[in-house]
Amino acid sequence: MKYRLPEKAQRVLDYLHSAGRPLSPEEISTALTLKEDTVQSLVESLRNQKLIEDHESSTIQSYQLTQEGQRFAEKSLPEIRLVEILAQLGGEASVSSLEDYKLLDITEHQLAIGWARRNGWVSVIKRGEESWLLLSSTAVNAISQHPLQLALNTARRTGELSLDTVDFDPKTWKSIQQHFEKRQLAQLISRRKVTITITPRGIKALEASRQQKDMIQDLTPRILKSMQWKNREFLPYNLQAPAPPLYPGKKHPYIEFIDRVRRILVGLGFQEATGPLVELEFWNNDALFMPQDHVAREVHDSYQIKIPKGPGTLLNRTIAEQVAKTHENGWKTGSTGWQYKYSFDVARQLVMRSQTTAVSVRFLAEHPQAPLRMFSIDRNFRPEKFDATHSAEFLQCEGIIGGEGLTLRDLMGYLRAIAEGVGIKNLKFKPGFFPFTEPSIEGFIHIPGLGWKEALPGGIFRPEVTLPLGVDFPVLAWGIGVDRLAMAALGINDIRELVTRDLGWLRSVSLRF
Amino acid sequence: MNVDVRISDLLQLIGRNLSLEELEENLFLIKCEIDRIADGVATIEVNPDRVDMLSTEGIARALRGFLEIETGAPKYPVKKSKWQAIVDRSVAKVRPYLACGIVKGLALDDTLIAEFMQLQERLTGTFGRNRKRTSIGLYVLDLITPPVHYRTAPPDAIKFVPLEFHEELTAKQILRDHPKGQEFGDIIKPFPRYPLLVDAKDKVLSLPPIINSNDLGRLLVNTKDVFVEVTGTHKQTTLQSLNIVITALAERGGSLEAVDIVYPDHQEQLPNLSLTKREVSLDLINATIGYDFGGPAVTRALKRMRIDAKATQKVIQVGIPSFRVDILHDVDIIEDVAIGYGYNQIEPELPKTMTVGQELPMTMMLRTIRDLMVGLGYQEVANYVLTNTRTLFEKMNQRIKTVVEIANPKSMEYHVARNSLLPGLLEFLSLNTAQELPHRIFEVGPVVTINPDAETCTDTVLHLAAVTVNSRVDITTLKAELVTLLSNLGLKGKVTKASDPSFINGRVANIQIGAQQLGVLGEVHPLVLANFGIEAPSVAFEFEILADWVPKMGS
C-alpha cells in the first residue's frame, strides 16, 4: 500500500489496533466521537481494502415496548396501582367503590383484579350482594420489587431490553417474557451486531502510514526556502484516482456556432449589419414588395404590437413614396405592381420583425452603392406554437451582394461558396419562390439520416424592391438556415433545445463541433 | 400549398409512364416538392406563385411541357354560345365583377368532383384572399335556364336550399347558422343588399361568396355539362380564377363555350383565353442569368415552360397563357427561361469583385465581454426575448411596468418582450435546482424598451446580466468581479446605494458607469428566491452596454 490513508481511516485503524480486541462500530464511534454513519462507511471502505475483517457477526435480540407497554411503564401496571389504592384504604374496598379512584381507569379494573389475584396480592369475597377485595399482607412489599414492572422501567429508560444485558434469573426472565408476549407489552426485534479486527495487512498499512509522516506531502515556500526537500522523500500522489467534475466558465455552444458562421462570412468579404427587433411594416414587408392585403400578412404571420401603439416614423419620405407607387402601379420599375391602394398608415404600424431581410433592405436604402456585400444574423419572431420543429423566436442569417453585372450564376456561385464555408459539400439547386426575388433559388443540402433539406434560399431582388430604394444595379439576396445547421452540428433534434434550460447539458456538452 | 395527386392519374395526364424518381426529379426542377406518398397519392408542395398548378391537371400540363411532350402555350378553343349573364347595376357597390364559362362533354366521377372542389378551395384561399377577392361556383348546366342574372337582393328576400342541406334558409339564417355563412359572412354583411346569382326562372344558383344552392349547384357523377362562375371584388383575380378552373376542366376533356357577360355599360365575352403578348430583351435575359444564349436556346426553354416564344435579333416575343398569374415583369419571364433551361444545368460562377469583410464593432465588444465573463468562471446562457409579465415583474417582486406587448400572442407565456435579462436568468435557475452548486450563469443579449421618439417607438438595447447561486454567497466578491470586468473594458464604474424590491434592503446598489446609472447589483430578496423556487442564496448584477463604448476602428 503506497498511498497515504485518509486521516479518519487512520484513526479508526489506530484505535482498533491499540484496543487489542474486536470492537463494534458503535464502540468506535463513541470512542472517537465520530458519527455512526461516518464510521460505517469508513468500515465498509477498510473492509473492501482488506485492512480489517469481521470478527464476529451475531444477532442481538431485544425487546421494545409497545404503546401499552410504554403506558404501563409510565403509570405502572394496573395491578400495582390497585394494590396502592387498597393499601391507602386500609386493606380492603368494594369493587364498585373503585370507580371513585382515578388512579385506575374503569377499563383497567378487571385487568387489575385479575392479575392481582393471580399474583396472590388480593382475594375476592362476597359480602351480601357486593364483592369485596382484600389485600394480602405480602402485597405491598411485592410491588416494590415486581420484576415485570422493573423490566418495563428498564426498557423505558434504555429504549430496549436486550437479552444479553438483563440481570434477572432465568426463571424470572422467562416469566417476564411470557407476560410481555401474553399482554402484548413488548415486541422482540433482532439486530445484527458486528465486531471487527485489524488484519495483518491493516497493521502494515498503519505502519506505512506512520512512516509517511516523514515524507513531504505539501511542498511549501518554507520547505523550499529551508532546502529540506533535499533530505526528504516526496509522498507519491494517486493520479489515477478519478478526478471530480469541474464546471468552468464556458461559452454557450449555440452562440459559439453562430459566431463561427459570422467569422466565415466576414472571411468571404461580407460586412455585418443589424436592425431593431420591433420593426415598421414598411421595412418588414412593404419594402420587400409584399402587398399590404396579402393573406400572409394577417395575424398568423407576424406579431402585431399592442403597446406601444405607434405609429412609427417613415424617416425617408422619398423612398416611402417610391415604394407606395411601385405597389400601386409598378412606378418606373416596368412592373404592373399589385393594383391596390397603398396605405401609409399600415406602413407605419409596428410588428415584431419576422424576417432578417428587413435588415437587408434597410442597409440597401442606406448604402445604395456598388459593390456591396452585407450579412446579418439576428433574431426574428413569428406567431408559432413552440414544438420540436417550430419556434416563435429564431435566428435567421441573411445577406445581400450588390454590384454591376451580377447574375443568377453568380448567386449560385455565392451560395456554393457560403455552403462550403460552413462545411457543406453536397448542394443542389431548385427554382423557388419568394415574393421579393425573381429568379429565386432554393439550395438543398444533404443531411445524413434526413435526406435533402432546404437550407440556402436565395434570389435576385425584384426591380420592384431595388429601384424604389434608389438602387439600379442587381442585388443578390441569400440566406442560411443557421438554426438547422446548429442543430445538426450540436446533435440536437428539438429546436427549443438551442436555448436549452438544462444547465447539466450546458456543463457537459463538448465545444468541439 | 399542398396538393394531393393520384400518381396514376397524373402519369396518365402527362402521357408518359415516369418512375417515381424521375417524377420527383422533374417536379423538383419546376419548383415542386413531393412531401410524402401514401397509397398511391402524392402530396405535392406547390409554390404560391404557381396557382395554376394547384391541381393534377395543372401539374400535368406543366410537366408535359418540361418533358417536351407538348411544348408552347396550350390551345383551348372556345366556341361561341347563346348564353348570357346579365350583371345588374346594383352589384357594383358590393361585388362588382362576374366571369363565366361553359364546359361540355365531361366524364366526372366522385373523385374528380371532390378534387375540383379542392381546387376551388385552394384557389379562393390565398389567391382569392379567403374569398374576399374571388369565389368560384360550378353548376349543372342543364338545370339552368339562361340568361343568368347577377344582381342583389335584400337579405330577407333571399331564400333557397343551400348546398348539402334539405330545407330552405334565408340569407340571414345562412350567415348565422351555416358554417360557410359563419366563415365568410363578414364579406357581404356590411351591405344592405347581398349579391345573388339566379337564372331566368329566378331559381337561385348561389349567394356569392357564401354558398351554392343545393338544387343547381351540386355536381353529380352523371353531369356532363358544367357552368363555371366566378364573382369578385378584384377584376384581374376574377378573370384569372375563371381561366385556371376552366382550363383545368378542359384538360379533362371538356370543350369550352363562351358566355356573354352583359354589364350595364359594356359587354365581355368570357372566358378570354388569349395569350398575353410581351417582349423581353435577349440581352437582359443573358445579363440576368449569366449565359450568352442565342434566340433558339431561349425559345426552347420558354416553350418547355408552356410559353409561346419567337426570337428576333434582339428581342424574344412571348405569348403567355391565360392561367399564368405570376408574370408581372420581365424578370418573371427570365426566371422561366432559367427554369426551362434547367437549374441543374446552370453552372455556378464566382465573380472576382473584392470587398472587405467586417464584423460590427459591437459584436467584437460583446465577444470581449463574454470572454471576460467566462474567465471569471461564468457559464453562458441564452434565453428568449419573448416572455410574460409574471416572470418579468410579479415573480421579481416588482409592480408591473409598461413593456412592449404583442396584440396577437399565441400563448400568455410569450406575450411581451423583455426589458431586462435577470428574470430570464432566475427562471433558468429555477429549472436547475437539482444541479450541483454553485450555479454561476450570465447572458449578453438584447432587451426592448419603449421610446416614443424613436423611429419604431422602441429601442433595442444590449444588456449583460450575471447571477450566482451558492450555499453561501458573498456580495463583495460579486462587486470585485464587476469592478474587474469594467476595468478590463477600460470603463470607470462605481456603485451608489439604492433600494430595489427584487433585492434585500441594504444589500443593493445602482451601477454607475461614466456619468450614467446603467444597472443594479445586489443580493436577491428571499421573496424572489421563493417565487422562483430557488433554494439557496443568490447575488446578481445587470447593466446596459452602451453603443458609444465601442472603440472606433483605427482611432
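Note that the structure is predicted; figures quoted are calculated from it, not measured.

## What about the overall build of chain B?
Check the secondary structure of chain B and you find 15 helices and 30 strands. Here chain B has a C-alpha radius of gyration of 33 Å; the compact-globule value for 555 residues is 24 Å, and the former is much larger. Based on the C-alpha atoms only, the size of chain B along its principal axes is roughly 95 × 65 × 50 Å. When the 555 residues of chain B are sorted by exposure, 58% land in the buried category.

## Describing the sheet that holds strand β27 (residues 493-497) of chain B
All names here are of chain B. Strand order in this open sheet of 7 strands is β21-β25-β26-β30-β29-β28-β27, and the pairing throughout is mixed. In the strand order of this sheet, the two ends are held by β21 (379-380) and β27, each with one partner. With 7 bridges connecting them, strand β28 (residues 503-513) and strand β29 (residues 516-524) associate as antiparallel partners. Paired with Q512 across the strands is Q517, a residue of β29.

## Side note on the interface of chain A and chain B
Listed by partner, the interface residues are 100 residues for chain A and 90 residues for chain B. Of the roughly 8200 Å² buried at the junction of chain A and chain B (both faces included), carbon and sulfur atoms supply 58%. When the buried surface of chain A facing chain B is broken down by residue, R409(A), P431(A) and R501(A) rank first, second and third, together holding 11% of it. Between the two partners, chain A and chain B, sit 10 salt bridges. Residue D332(B) pairs with R462(A) through a salt bridge whose shortest N-O separation is 2.7 Å. Summed over the shared surface of chain A and chain B, the number is 43 residue pairs in polar contact (both at pLDDT 80 or more). Take the side of chain A that touches chain B: its biggest share by element is 8 residues, from helix α17 (residues 408-421) of chain A. Looking at the side of chain A that touches chain B residue by residue, the class counts come to 46 nonpolar, 24 polar and 30 charged.

## Section: the side chain of T134(B)
Residue and element names in this part refer to chain B. Counting through the fold element by element, T134 comes out in strand β7 (residues 134-140). Residue T134 is classed as buried on the basis of its relative accessible area of 0%. Among the polar contacts made by the side chain of T134, one reaches the side chain of S241 at a distance of 3.5 Å.

## As for a nonpolar patch on the surface
Residue and element names in this part refer to chain A. A surface patch of nonpolar side chains, about 470 Å² in accessible area, is lined by L219, L224, M227, W229 and F234. The topology assignment puts L224 in helix α11 (residues 221-226). What makes L224 partly exposed here is its relative accessible area of 44%.

## What about the packing of helix α12 (residues 253-267) of chain A against helix α19 (residues 482-490) of chain A?
Residue and element names in this part refer to chain A. Closest axis-to-axis distance for the α12/α19 pair is 10 Å, and the angle between their directions is 120°. Taken together, the axis directions place α12 and α19 in an arrangement best described as oblique. As α12 runs across α19, the sense of the crossing is right-handed. Facing α12, whose interface residues are P253, Y254, F257, I258 and V261, α19 presents V482, D483, L485, A486, A489 and L490. Broken down by class, the residue content of the contact of α12 with α19 amounts to 10 nonpolar, no polar and 1 charged.

## Some details on the sheet that holds strand β20 (residues 315-320) of chain B
Residues and elements named next belong to chain B. Taken together, 3 strands build an open sheet; the order of strands is β18-β20-β19 and the sheet is antiparallel. Since the sheet does not close on itself, it has two edges, and those belong to β18 (276-281) and β19 (308-311), each with one partner. Here the average twist between neighbouring strands, direction ignored, is 20°. Where β18 meets β20, 6 bridges bridge the pair, whose relative direction is antiparallel. Looking at the pairing, K277 lines up with G319 of β20. Along the sheet face, helix α8 (residues 282-289) touches β18 and β20 and points at about 65° away from the line of β18. Docked against the sheet, helix α10 (residues 330-341) engages β18 and β20, running at close to 80° with respect to β18.

## Quick notes on the packing of aromatic side chains
Applying the stated rule across the entire model yields 21 aromatic pairs over all chains. Here the aromatic rings of Y63(A) and W173(A) are separated by 6.0 Å at their centres, their planes lie at 80°, and the arrangement is edge-to-face. Of this pair, Y63(A) sits in strand β1 (residues 52-65) while W173(A) is found in helix α9 (residues 170-182), placing the two residues 110 residues apart along the sequence. Among the residues examined, Y63(A) registers a relative accessible area of 3% and is labelled buried. Consider the rings of F282(A) and W283(A), whose centres lie 5.0 Å apart with planes at 85°: the pair is edge-to-face. Both residues of the pair, F282(A) and W283(A), belong to the buried class. Taken together through their ring pairs, the aromatic side chains of Y63(A), F168(A), W173(A) and F180(A) make up a single cluster. One cation-aromatic arrangement involves K428(A) over W452(A); the distance from NZ or CZ to the ring centre is 4.6 Å. One cation-aromatic arrangement involves R304(B) over F66(B); the distance from NZ or CZ to the ring centre is 4.3 Å.

## Considering the pairing of strand β4 (residues 130-135) of chain A
Residues and elements named next belong to chain A. Where strand β2 (residues 92-94) and β4 come together, 3 bridges link them in antiparallel fashion. Opposite S94, over in β4, you have W132 as the bridge partner. For strand β3 (residues 122-127) and β4, the ladder comprises 6 bridges, and the chain directions are antiparallel. Paired with V122 across the strands is L135, a residue of β4. Here β3 folds back onto β4 in antiparallel fashion, the turn holding 2 residues, of which G128 has a positive phi close to 65°.

## Considerations on the nonpolar core
Residues F282(A), M352(A), F461(A), W478(A), F227(B) and Y343(B) are the most contacted members of the largest nonpolar core, which totals 192 residues. In this structure, M352(A) is in contact with L277(A), V278(A), Y303(A), I305(A), F381(A), L386(B), V404(B), I406(B) and A417(B), ignoring residues within four places of it in sequence. Membership of the second largest hydrophobic core comes to 33 residues, among which are L65(A), I113(A), I176(A) and F180(A).

## What to know about the confidence of the model for chain B
In the predicted model, chain B carries a mean pLDDT of 94, and the fraction of residues at 70 or more is 99%. Overall fold confidence for the complex sits at a pTM of 0.73, while the interface term, ipTM, reaches 0.82.

## Some remarks on empty space enclosed by the protein
All names here are of chain B. By the definition in use, this model includes 4 cavities of 30 Å³ or more. Its boundaries defined by the atoms lining it, the largest cavity holds a volume of some 90 Å³. What lines the largest cavity is a set of 13 residues, among which I30, R50, M53, A62 and M305 lie closest to the centre. Grouping the amino acids of the lining of the largest cavity by side-chain chemistry returns 5 nonpolar, no polar and 8 charged.

## Here's the deal with the pattern of salt bridges
Taken as a whole, this structure holds 60 salt bridges over all chains when the rule is applied. One salt bridge connects R317(A) with E321(A), and the closest N-O pair in it is separated by 3.7 Å. Of the two residues, R317(A) and E321(A) both sit in helix α14 (residues 317-329), 4 residues apart, roughly one turn of that helix. Owing to a relative accessible area of 34%, E321(A) belongs among the partly exposed residues under this scheme. Within this structure, K251(A), E256(A), D259(A), R262(A), R263(A), E272(A), E359(B), R367(B), R370(B), D371(B) and E380(B) form a network of salt bridges that share partners.

Reading guide: rules and limits
- Residues numbered from 1 in each chain as written.
- Chains lettered and ligands numbered in written order.
- Predicted model: local features only at pLDDT ≥ 70, side-chain atom pairs only at ≥ 80, totals over all residues.
- Heavy atoms only, no water.
- Helix = DSSP H or I, 4+ residues; strand = E, 2+ residues; numbered from the N terminus.
- Rg over C-alpha atoms; globule rule 2.2 N^0.38 Å.
- Buried < 20%, exposed > 50% of the residue type's maximum accessible area, 1.4 Å probe, protein only.
- Pairing = 2+ DSSP bridges.
- Contact = heavy atoms within 4.5 Å.
- Buried area = accessible area lost by both parts, 1.4 Å probe.
- Salt bridge = Lys/Arg side-chain N within 4 Å of Asp/Glu carboxyl O.
- Polar contact = N/O pair within 3.5 Å; in protein donor to acceptor, adjacent residues only side chain to side chain.
- Nonpolar A, V, L, I, M, F, W, Y, C, P; charged D, E, K, R; others polar.
- Patch = residues over 30% accessible without salt bridge, like charges linked within 9 Å, V, L, I, M, F, W, Y side chains within 5 Å.
- Areas by Shrake-Rupley, 256 points an atom, 1.4 Å probe, with all protein chains shown as cover.
- Axes fitted to C-alpha atoms, helices over the stretch in contact; angles between N-to-C directions.
- Parallel < 35°, antiparallel > 145°, perpendicular 65-115°, else oblique.
- Left-handed = near helix turned anticlockwise from the far one by under 90°.
- Phe/Tyr/Trp six-rings, centres within 6.5 Å; stacked < 30°, edge-to-face > 60°.
- Lys NZ or Arg CZ within 6 Å of the ring centre and 35° of its normal.
- Core = buried A, V, L, I, M, F, W, Y, C linked by side-chain atoms within 4.5 Å.
- pLDDT = per-residue confidence, 0-100.
- 1 Å grid on protein atoms, 1.4 Å probe; cavity = no way out; pocket = protein on both sides within 12 Å on 5 of 7 lines; lining within 4 Å.
- Points joined across faces, edges and corners; volume = space filled by probe spheres on them.

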